[in-house]
Amino acid sequence: MRKLLIGCLILIAACQTGVQATVTEAPVSSTATLPASQTPIPATFAPQPTPTLELSPTPLPRFFTHEFDGSLAGWLILQAGSDAVPNIETENSSLILHMDSAYNWVYVLYGPYDYADVQIHAQFENRAGSPSSIGLVCRYSEADGWFEYNIATDGTYNVLYGRWLADEIADYLPIMSGSSNAIGVSGTPQEVGLTCSGTILGLYINQQNIRNVDVSRYQLLAGKLGVTASSFENTPVVAAFDWVKVSEP
């Protein structure tokens with residue numbers, strides 16, 4: 001349901017270079033629908049190998065709090081939806097994802113490690129005021145898929161499961177959706193959290209556990225984690241992450 005373009009490995013450190021992947025297109029199947037403000041644009045995509053991370057001069061931590069005051073070494077950038085390349089930068093100790101095209105998704109994944117049980121929290125702010133969603137990803141792998149938890153500026157949230165079905169064919173399934181008064185108004189700093197523990201996803205907004213979701217049917221055991229942001233019909237969208245914290249659940 002989304003066109004995933006496995007883009008380049010973007011490393012801000014001057015000593016590192018990007019890796020570009022070639023992308024083709026193929027049909028995608030769909031099995032469910034989302035609320036109108038969060039419905040992905042029908043699209044096609046083909047899986048590509050994850051770019052190989054360049055080695056850092058010092059070992060990268062498994063558990064950490066990253067305040068984006070320097071290099072993005074170890075982070076993978078994936079683009080989805082629109083072919084327009086978003087502007088991604090670190091500024092004033094924040095990770096800024098700037099999208100000027102409609103229906104564009106950006107993923108920033110931490111590449112050095114795979115995690116089974118893990119907790120990820122991030123403080124973010126929607127700086128443009130356009131309808132958008134911001135979220136977290138866990139257990140991402142090309143072979144088995146990933147879980148994605150998004151909260152939107154209209155006060156709704158959802159959990160999605162993406163997976164490759166076969167060469168050049170994938171399915172992207174909504175698991176659940178809802179709304180919560182815990183979601184703050186657009187433009188204010190907020191905290192989103194996701195715990196992946198066993199067969200349960202714990203969903204958090206501003207440190208409040210709003211829901212626990214049983215995902216045992218998907219048999220997704222481990223993978224990478226990260227943050228995500230997306231634009232809908234209106235632009236620009238400017239999503240700023242002040243920090244990301246990864247810890248044991």
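Rules of the game
Residues numbered from 1 in each chain as written. Predicted model: local features only at pLDDT ≥ 70, side-chain atom pairs only at ≥ 80, totals over all residues. Heavy atoms only, no water. Helix = DSSP H or I, 4+ residues; strand = E, 2+ residues; numbered from the N terminus. Buried < 20%, exposed > 50% of the residue type's maximum accessible area, 1.4 Å probe, protein only. Contact = heavy atoms within 4.5 Å. Phe/Tyr/Trp six-rings, centres within 6.5 Å; stacked < 30°, edge-to-face > 60°. Lys NZ or Arg CZ within 6 Å of the ring centre and 35° of its normal. 1 Å grid on protein atoms, 1.4 Å probe; cavity = no way out; pocket = protein on both sides within 12 Å on 5 of 7 lines; lining within 4 Å. Points joined across faces, edges and corners; volume = space filled by probe spheres on them. Nonpolar A, V, L, I, M, F, W, Y, C, P; charged D, E, K, R; others polar. Pairing = 2+ DSSP bridges. Salt bridge = Lys/Arg side-chain N within 4 Å of Asp/Glu carboxyl O. pLDDT = per-residue confidence, 0-100. Disulfide = S-S within 2.5 Å.

**Points about the side chain of Lys224**
Tracing the backbone through its elements, the reader meets Lys224 in strand S15 (residues 223–231). Accessibility expressed as a relative area gives 16% for Lys224, which makes it buried. Beyond its immediate stretch of four places on either side in the chain, Lys224 contacts Tyr110, Gly111, Tyr113, Asp114, Val137, Cys138, Arg139 and Tyr140.

**Brief notes about the packing of aromatic side chains**
On inspection of all chains with the given rule, the structure shows twelve aromatic pairs. Measuring from centroid to centroid gives 6.4 Å for Tyr113 and Tyr115, while their planes differ by 65 degrees, and the two rings are edge-to-face. Its relative accessible area of 1% is what places Tyr115 among the buried residues. Aromatic rings pair up to connect Phe63, Phe64, Phe68, Trp75, Tyr110, Tyr113 and Tyr115 into one cluster. Positioned above the aromatic ring of Tyr115 is the side chain of Arg62, whose terminal nitrogen or guanidinium carbon lies 4.5 Å from the ring centre.

**Quick look at unusual backbone geometry**
In this structure, Pro236 follows Thr235 across a cis peptide bond, with omega equal to 5 degrees. Structurally, Pro236 can be placed in the loop between S15 and strand S16 (237–247). The backbone of Asn206 sits at a positive phi, close to 50 degrees, despite the residue not being glycine. Mapping Asn206 onto the fold places it in the loop between strand S13 (200–205) and strand S14 (208–214).

**Some thoughts on empty space enclosed by the protein**
Per the stated rule, a full pass over the model turns up four cavities of 30 Å³ or more. There is about 90 Å³ of room inside the largest cavity. If you go around the largest cavity, you meet 15 residues; those closest to its centre are Phe124, Ile151, Ala152, Thr153 and Gln190. Secondary-structure elements contributing two or more residues to the lining of the largest cavity are strand S7 (118–126), strand S8 (132–141) and strand S9 (145–152). A total of three residues in the lining of the largest cavity trace back to one element, the largest contributor, which is S8. Considering only residue class, the lining of the largest cavity consists of six nonpolar, nine polar and no charged.

**Details of the pairing of strand S4 (residues 87–91)**
In the sheet, S4 pairs with strand S5 (residues 94–99) via five bridges, with the strands oriented antiparallel. Paired with Asn87 across the strands is His98, a residue of S5.

**Here we look at the pattern of salt bridges**
Throughout the structure, instances matching the rule amount to two salt bridges. Among the ionic pairs, Asp117 bridges to Arg139, the shortest N-O distance being 3.1 Å. Pair noted here: Asp117 is in the loop between strand S6 (104–115) and S7 and Arg139 is in strand S8, with a separation of 22 residues, a long-range link. Here Asp117 falls in the partly exposed class, since its relative accessible area comes to 39%. Given the relative accessible area of 3%, Arg139 is considered buried.

**Here's the deal with the confidence of the model for the chain**
Across the chain, the average pLDDT comes to 77, with 73% of residues at 70 or higher. Mean pLDDT across the secondary structure elements of the chain bottoms out at strand S1 (residues 4–5), with 42, and peaks at S13, with 98.

**Some thoughts on the environment of Ser186**
Along the polypeptide, Ser186 turns up in the loop between strand S11 (169–179) and strand S12 (190–197). Separated by 55 residues in sequence, Ser186 and Pro131 have C-alpha atoms that sit 8.7 Å apart. Each residue touching Ser186, except ones within four places of it in the same chain, is listed here: Asn126, Gly129 and Thr153.

**Structural notes on the state of the cysteines**
With the rule as written, the count across this model stands at one disulfide. Between the sulfur atoms of Cys138 and its disulfide mate Cys196 the distance is 1.9 Å. The sign of the -90 degrees torsion about the S-S bond sets the Cys138-Cys196 disulfide as left-handed. Of this pair, Cys138 sits in strand S8 while Cys196 sits in strand S12; the two residues are 58 residues apart in sequence, bridging distant segments of the chain. Neither Cys138 nor Cys196 differs from the other in exposure class; each is buried.

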